[in-house]
Amino acid sequence: MEIIFTPNALMALLTLTFLEIILGIDNIVFLSIVSGKLEQKDQPKARRIGLLLAMVFRIVLLFGISWVLGLQDVIYHVNLSFFEAHFTGQSLIIFGGGLFLLYKSVSEIHHKLEGEEESTQGKASNSLGQAVLQIALLNIVFSFDSILTAIGMISMKDPSQGGFGYEGAMEIMILSVVISIVIMMIFAGPVSKFVNDHPTIQILGLSFLILIGVMLLAEGSHLAHFRFGNDVEVNSIPKGYLYFSIFFSLFVEFLNMKMKKNRKTVKLHNNKIIDNKLKDTDVTN
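Residues numbered from 1 in each chain as written. Predicted model: local features only at pLDDT ≥ 70, side-chain atom pairs only at ≥ 80, totals over all residues. Heavy atoms only, no water.

Caption draft 1: The arrangement of the layout of surface pockets in detail. Taken as a whole, the second largest pocket encloses approximately 430 Å³ of empty space. Lining of the second largest pocket is provided by 17 residues; of these, Ile25, Ile28, Val29, Val191 and Leu250 occupy positions nearest its centre. Sorting the residues of the lining of the second largest pocket by element identifies helix H2 (25-35), helix H7 (165-197), helix H8 (199-223) and helix H9 (239-259) as the ones contributing at least two each. The element contributing the most residues to the lining of the second largest pocket is H7, with 6 residues. Of the residues that constitute the lining of the second largest pocket, the class distribution is 16 nonpolar, 1 polar and no charged. (1 Å grid on protein atoms, 1.4 Å probe; cavity = no way out; pocket = protein on both sides within 12 Å on 5 of 7 lines; lining within 4 Å. Points joined across faces, edges and corners; volume = space filled by probe spheres on them. Helix = DSSP H or I, 4+ residues; strand = E, 2+ residues; numbered from the N terminus. Nonpolar A, V, L, I, M, F, W, Y, C, P; charged D, E, K, R; others polar.)

Caption draft 2: Broad picture of the nonpolar core. Among the nonpolar cores identified, the biggest contains 59 residues, and Leu101, Ile154, Met173, Leu209, Ile212 and Leu216 are the most heavily contacted of them. Top element by residues in this core is helix H6 (residues 124-153). It accounts for 10 residues. In this structure Leu216 touches Ile94, Phe95, Gly97, Gly98, Leu101, Val141 and Phe142, once residues within four positions along its chain are discounted. Ranked by size, the runner-up nonpolar core spans 6 residues in total, among them Phe83, Phe87, Ala224 and Phe226. (Core = buried A, V, L, I, M, F, W, Y, C linked by side-chain atoms within 4.5 Å. Buried < 20%, exposed > 50% of the residue type's maximum accessible area, 1.4 Å probe, protein only. Contact = heavy atoms within 4.5 Å.)

Caption draft 3: Here's a closer look at the pattern of salt bridges. Applying the stated criterion to the full structure yields 4 salt bridges. The salt bridge partner of Lys41 is Asp42, with a shortest N-O separation of 3.5 Å. With a shortest N-O distance of 3.0 Å, Glu233 and Arg227 are connected by a salt bridge. Residue Glu233 is classed as partly exposed on the basis of its relative accessible area, which comes to 27%. (Salt bridge = Lys/Arg side-chain N within 4 Å of Asp/Glu carboxyl O.)

Caption draft 4: Examining the environment of Val234 more closely. Position of Val234 among the secondary structure elements: in the loop between strand S4 (232-233) and H9. Here the alpha-carbon distance between Val234 and Ala224, two residues 10 residues apart in the chain, equals 9.1 Å. The residues contacting Val234, other than those within four sequence positions of it, are Ala218, Ser221, His222, Phe226 and Phe228.

So this is what it looks like as C-alpha coordinates:
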(Lines give C-alpha, C1' and ligand atoms only; values in the text may rest on other atoms or scores of the structure.)
Protein backbone atom coordinates (compact mmCIF):
# COMPACT_ATOMS: atom_id res chain seq x y z
CA MET A 1 0.00 0.00 0.00
CA GLU A 2 2.98 2.30 0.56
CA ILE A 3 3.60 2.61 -3.16
CA ILE A 4 0.29 4.51 -3.54
CA PHE A 5 1.75 7.48 -1.67
CA THR A 6 4.81 7.89 -3.88
CA PRO A 7 4.79 10.95 -6.21
CA ASN A 8 4.76 8.80 -9.36
CA ALA A 9 1.84 6.70 -8.11
CA LEU A 10 -0.18 9.77 -7.06
CA MET A 11 0.40 11.39 -10.46
CA ALA A 12 -0.64 8.17 -12.22
CA LEU A 13 -3.75 7.95 -9.99
CA LEU A 14 -4.81 11.54 -10.74
CA THR A 15 -4.19 11.15 -14.48
CA LEU A 16 -6.05 7.85 -14.70
CA THR A 17 -8.96 9.16 -12.61
CA PHE A 18 -9.29 12.15 -14.95
CA LEU A 19 -9.27 9.86 -17.99
CA GLU A 20 -11.85 7.56 -16.38
CA ILE A 21 -14.17 10.54 -15.84
CA ILE A 22 -13.68 11.68 -19.46
CA LEU A 23 -14.38 8.15 -20.71
CA GLY A 24 -17.45 8.08 -18.46
CA ILE A 25 -19.10 11.09 -20.13
CA ASP A 26 -20.87 8.85 -22.65
CA ASN A 27 -22.05 6.70 -19.74
CA ILE A 28 -23.59 9.71 -17.96
CA VAL A 29 -25.30 10.91 -21.17
CA PHE A 30 -26.82 7.47 -21.70
CA LEU A 31 -27.88 7.28 -18.03
CA SER A 32 -29.50 10.72 -18.24
CA ILE A 33 -31.60 9.83 -21.27
CA VAL A 34 -32.63 6.36 -20.08
CA SER A 35 -33.45 7.43 -16.50
CA GLY A 36 -35.42 10.47 -17.75
CA LYS A 37 -38.11 8.10 -19.08
CA LEU A 38 -38.77 6.56 -15.66
CA GLU A 39 -41.09 7.64 -12.88
CA GLN A 40 -39.98 10.06 -10.18
CA LYS A 41 -39.13 7.42 -7.58
CA ASP A 42 -37.15 5.30 -10.04
CA GLN A 43 -34.93 7.96 -11.63
CA PRO A 44 -32.31 8.32 -8.83
CA LYS A 45 -32.37 4.54 -8.32
CA ALA A 46 -31.63 3.89 -12.01
CA ARG A 47 -28.72 6.35 -11.99
CA ARG A 48 -27.20 4.83 -8.85
CA ILE A 49 -27.65 1.25 -10.09
CA GLY A 50 -26.15 2.19 -13.46
CA LEU A 51 -23.04 3.77 -11.96
CA LEU A 52 -22.61 1.03 -9.35
CA LEU A 53 -22.82 -1.54 -12.15
CA ALA A 54 -20.17 0.42 -14.03
CA MET A 55 -17.89 0.29 -10.98
CA VAL A 56 -18.51 -3.43 -10.37
CA PHE A 57 -17.91 -4.36 -14.02
CA ARG A 58 -14.65 -2.39 -14.11
CA ILE A 59 -13.29 -3.89 -10.87
CA VAL A 60 -14.26 -7.44 -11.92
CA LEU A 61 -12.55 -6.94 -15.28
CA LEU A 62 -9.43 -5.61 -13.52
CA PHE A 63 -9.21 -8.82 -11.50
CA GLY A 64 -9.66 -10.74 -14.75
CA ILE A 65 -6.93 -8.90 -16.65
CA SER A 66 -5.52 -12.09 -18.16
CA TRP A 67 -9.01 -12.99 -19.42
CA VAL A 68 -9.54 -9.48 -20.83
CA LEU A 69 -6.22 -9.60 -22.65
CA GLY A 70 -7.08 -13.11 -23.86
CA LEU A 71 -10.12 -11.66 -25.62
CA GLN A 72 -7.68 -10.10 -28.08
CA ASP A 73 -6.85 -13.55 -29.48
CA VAL A 74 -8.39 -14.37 -32.86
CA ILE A 75 -11.35 -16.78 -32.58
CA TYR A 76 -12.67 -16.74 -36.15
CA HIS A 77 -11.29 -15.93 -39.61
CA VAL A 78 -13.12 -14.71 -42.68
CA ASN A 79 -11.11 -14.68 -45.89
CA LEU A 80 -13.03 -13.89 -49.05
CA SER A 81 -11.83 -12.42 -52.33
CA PHE A 82 -13.22 -8.96 -51.45
CA PHE A 83 -13.30 -9.06 -47.62
CA GLU A 84 -11.02 -10.28 -44.84
CA ALA A 85 -11.51 -10.21 -41.06
CA HIS A 86 -10.01 -11.76 -37.93
CA PHE A 87 -12.63 -11.66 -35.20
CA THR A 88 -11.66 -11.52 -31.52
CA GLY A 89 -13.86 -11.59 -28.44
CA GLN A 90 -13.04 -7.95 -27.75
CA SER A 91 -13.88 -6.83 -31.30
CA LEU A 92 -17.24 -8.65 -31.23
CA ILE A 93 -18.23 -7.08 -27.88
CA ILE A 94 -17.28 -3.56 -28.99
CA PHE A 95 -18.88 -3.96 -32.44
CA GLY A 96 -22.09 -5.30 -30.87
CA GLY A 97 -22.11 -2.39 -28.40
CA GLY A 98 -21.82 0.06 -31.28
CA LEU A 99 -24.78 -1.52 -33.07
CA PHE A 100 -26.87 -1.44 -29.88
CA LEU A 101 -25.99 2.21 -29.23
CA LEU A 102 -26.91 3.20 -32.80
CA TYR A 103 -30.24 1.38 -32.55
CA LYS A 104 -31.03 2.84 -29.13
CA SER A 105 -30.08 6.41 -30.10
CA VAL A 106 -32.05 6.48 -33.35
CA SER A 107 -35.05 4.86 -31.62
CA GLU A 108 -34.95 7.45 -28.84
CA ILE A 109 -34.74 10.37 -31.31
CA HIS A 110 -37.79 9.00 -33.13
CA HIS A 111 -39.58 8.46 -29.81
CA LYS A 112 -38.80 12.01 -28.61
CA LEU A 113 -39.92 13.70 -31.83
CA GLU A 114 -42.65 11.50 -33.27
CA GLY A 115 -43.59 9.01 -30.57
CA GLU A 116 -46.70 9.09 -28.44
CA GLU A 117 -46.69 10.59 -24.97
CA GLU A 118 -46.70 7.92 -22.26
CA SER A 119 -48.64 8.24 -19.04
CA THR A 120 -46.90 8.11 -15.70
CA GLN A 121 -48.79 4.92 -14.90
CA GLY A 122 -48.47 1.97 -17.28
CA LYS A 123 -45.52 -0.33 -17.10
CA ALA A 124 -43.40 1.46 -14.52
CA SER A 125 -42.10 -1.71 -12.90
CA ASN A 126 -40.97 -3.10 -16.25
CA SER A 127 -39.45 0.23 -17.27
CA LEU A 128 -36.94 0.19 -14.40
CA GLY A 129 -35.92 -3.37 -15.21
CA GLN A 130 -35.56 -2.56 -18.90
CA ALA A 131 -33.56 0.58 -18.11
CA VAL A 132 -31.18 -1.34 -15.82
CA LEU A 133 -30.75 -4.06 -18.47
CA GLN A 134 -29.89 -1.49 -21.15
CA ILE A 135 -27.49 0.28 -18.79
CA ALA A 136 -25.83 -3.03 -17.88
CA LEU A 137 -25.32 -3.99 -21.54
CA LEU A 138 -23.73 -0.65 -22.39
CA ASN A 139 -21.64 -0.71 -19.20
CA ILE A 140 -19.99 -3.93 -20.39
CA VAL A 141 -18.83 -2.20 -23.57
CA PHE A 142 -17.77 1.04 -21.84
CA SER A 143 -15.98 -0.96 -19.13
CA PHE A 144 -13.74 -2.67 -21.68
CA ASP A 145 -12.67 0.70 -23.05
CA SER A 146 -12.00 2.02 -19.56
CA ILE A 147 -10.04 -1.02 -18.37
CA LEU A 148 -7.90 -1.29 -21.49
CA THR A 149 -6.99 2.38 -21.01
CA ALA A 150 -6.01 1.66 -17.41
CA ILE A 151 -3.96 -1.40 -18.35
CA GLY A 152 -2.16 0.58 -21.06
CA MET A 153 -1.30 3.43 -18.68
CA ILE A 154 -0.27 1.68 -15.47
CA SER A 155 2.82 -0.51 -15.70
CA MET A 156 2.78 -3.80 -13.79
CA LYS A 157 6.53 -4.22 -14.03
CA ASP A 158 8.56 -4.57 -10.87
CA PRO A 159 9.27 -1.20 -9.16
CA SER A 160 12.99 -1.79 -9.78
CA GLN A 161 12.18 -1.68 -13.52
CA GLY A 162 10.19 1.54 -13.34
CA GLY A 163 6.75 0.00 -12.80
CA PHE A 164 4.40 -0.27 -9.83
CA GLY A 165 4.32 -4.06 -9.50
CA TYR A 166 1.15 -6.15 -9.85
CA GLU A 167 -0.33 -5.21 -6.45
CA GLY A 168 0.60 -1.53 -6.73
CA ALA A 169 -0.85 -1.27 -10.25
CA MET A 170 -4.08 -2.99 -9.17
CA GLU A 171 -4.44 -0.63 -6.19
CA ILE A 172 -3.98 2.43 -8.42
CA MET A 173 -6.44 1.19 -11.07
CA ILE A 174 -9.13 0.16 -8.55
CA LEU A 175 -8.80 3.44 -6.65
CA SER A 176 -9.11 5.46 -9.86
CA VAL A 177 -12.27 3.53 -10.83
CA VAL A 178 -13.87 4.04 -7.39
CA ILE A 179 -12.99 7.77 -7.23
CA SER A 180 -14.20 8.45 -10.78
CA ILE A 181 -17.51 6.64 -10.19
CA VAL A 182 -18.09 8.53 -6.92
CA ILE A 183 -17.49 11.84 -8.74
CA MET A 184 -19.88 10.79 -11.52
CA MET A 185 -22.50 9.82 -8.91
CA ILE A 186 -22.30 13.32 -7.43
CA PHE A 187 -22.96 14.98 -10.79
CA ALA A 188 -25.25 12.40 -12.44
CA GLY A 189 -28.43 13.83 -10.87
CA PRO A 190 -27.89 17.49 -11.84
CA VAL A 191 -26.67 16.47 -15.30
CA SER A 192 -29.78 14.29 -15.83
CA LYS A 193 -32.07 17.13 -14.74
CA PHE A 194 -30.29 19.60 -17.03
CA VAL A 195 -30.40 17.25 -20.02
CA ASN A 196 -34.09 16.43 -19.57
CA ASP A 197 -35.06 20.08 -19.02
CA HIS A 198 -33.54 21.23 -22.33
CA PRO A 199 -34.81 19.60 -25.55
CA THR A 200 -31.83 20.65 -27.67
CA ILE A 201 -29.44 19.13 -25.12
CA GLN A 202 -31.45 15.89 -25.27
CA ILE A 203 -31.16 15.71 -29.05
CA LEU A 204 -27.48 16.69 -28.92
CA GLY A 205 -26.92 13.99 -26.31
CA LEU A 206 -28.58 11.38 -28.51
CA SER A 207 -26.53 12.62 -31.47
CA PHE A 208 -23.39 12.20 -29.36
CA LEU A 209 -24.45 8.62 -28.64
CA ILE A 210 -24.77 8.05 -32.40
CA LEU A 211 -21.22 9.39 -32.81
CA ILE A 212 -20.01 7.10 -30.02
CA GLY A 213 -21.83 4.16 -31.66
CA VAL A 214 -20.07 4.87 -34.98
CA MET A 215 -16.76 5.15 -33.12
CA LEU A 216 -17.36 1.75 -31.47
CA LEU A 217 -18.21 0.20 -34.84
CA ALA A 218 -15.00 1.60 -36.32
CA GLU A 219 -12.98 0.44 -33.30
CA GLY A 220 -14.51 -3.05 -33.42
CA SER A 221 -13.82 -3.27 -37.16
CA HIS A 222 -10.25 -2.10 -36.61
CA LEU A 223 -9.66 -4.67 -33.85
CA ALA A 224 -11.04 -7.37 -36.17
CA HIS A 225 -8.73 -6.10 -38.96
CA PHE A 226 -11.53 -5.59 -41.48
CA ARG A 227 -9.98 -5.37 -44.93
CA PHE A 228 -11.84 -4.64 -48.17
CA GLY A 229 -10.10 -5.50 -51.42
CA ASN A 230 -6.33 -5.59 -51.26
CA ASP A 231 -5.39 -2.54 -49.22
CA VAL A 232 -8.47 -0.83 -47.73
CA GLU A 233 -8.41 -1.48 -43.98
CA VAL A 234 -10.80 0.07 -41.44
CA ASN A 235 -9.07 2.30 -38.89
CA SER A 236 -10.33 3.44 -35.50
CA ILE A 237 -11.50 7.03 -34.97
CA PRO A 238 -9.29 9.01 -32.56
CA LYS A 239 -11.31 9.85 -29.44
CA GLY A 240 -9.90 13.38 -29.41
CA TYR A 241 -11.93 14.24 -32.52
CA LEU A 242 -15.07 12.89 -30.89
CA TYR A 243 -14.62 14.75 -27.61
CA PHE A 244 -13.76 17.99 -29.41
CA SER A 245 -16.96 17.81 -31.46
CA ILE A 246 -19.00 17.07 -28.32
CA PHE A 247 -17.57 19.94 -26.26
CA PHE A 248 -17.66 22.39 -29.16
CA SER A 249 -21.33 21.55 -29.86
CA LEU A 250 -22.18 22.00 -26.18
CA PHE A 251 -20.30 25.32 -26.10
CA VAL A 252 -22.31 26.62 -29.09
CA GLU A 253 -25.55 25.42 -27.50
CA PHE A 254 -24.71 27.13 -24.19
CA LEU A 255 -24.18 30.38 -26.11
CA ASN A 256 -27.57 29.92 -27.79
CA MET A 257 -29.22 29.24 -24.43
CA LYS A 258 -27.62 32.36 -22.95
CA MET A 259 -28.84 34.58 -25.80
CA LYS A 260 -32.35 33.08 -25.95
CA LYS A 261 -32.95 32.27 -22.30
CA ASN A 262 -36.30 34.07 -22.20
CA ARG A 263 -37.77 32.18 -25.14
CA LYS A 264 -40.13 29.29 -24.51
CA THR A 265 -38.63 25.95 -25.49
CA VAL A 266 -40.42 23.17 -27.34
CA LYS A 267 -41.47 20.09 -25.41
CA LEU A 268 -40.32 16.66 -26.52
CA HIS A 269 -42.36 13.53 -25.89
CA ASN A 270 -41.64 11.71 -22.60
CA ASN A 271 -39.04 14.18 -21.38
CA LYS A 272 -40.61 15.10 -18.06
CA ILE A 273 -38.28 14.53 -15.12
CA ILE A 274 -39.90 14.86 -11.72
CA ASP A 275 -37.28 14.34 -9.04
CA ASN A 276 -37.91 16.34 -5.89
CA LYS A 277 -34.56 15.30 -4.48
CA LEU A 278 -32.86 17.42 -7.14
CA LYS A 279 -34.56 20.51 -5.74
CA ASP A 280 -32.65 20.35 -2.49
CA THR A 281 -28.99 21.10 -1.89
CA ASP A 282 -27.89 17.47 -1.80
CA VAL A 283 -26.24 17.01 -5.19
CA THR A 284 -25.66 13.30 -4.58
CA ASN A 285 -29.28 12.43 -5.50
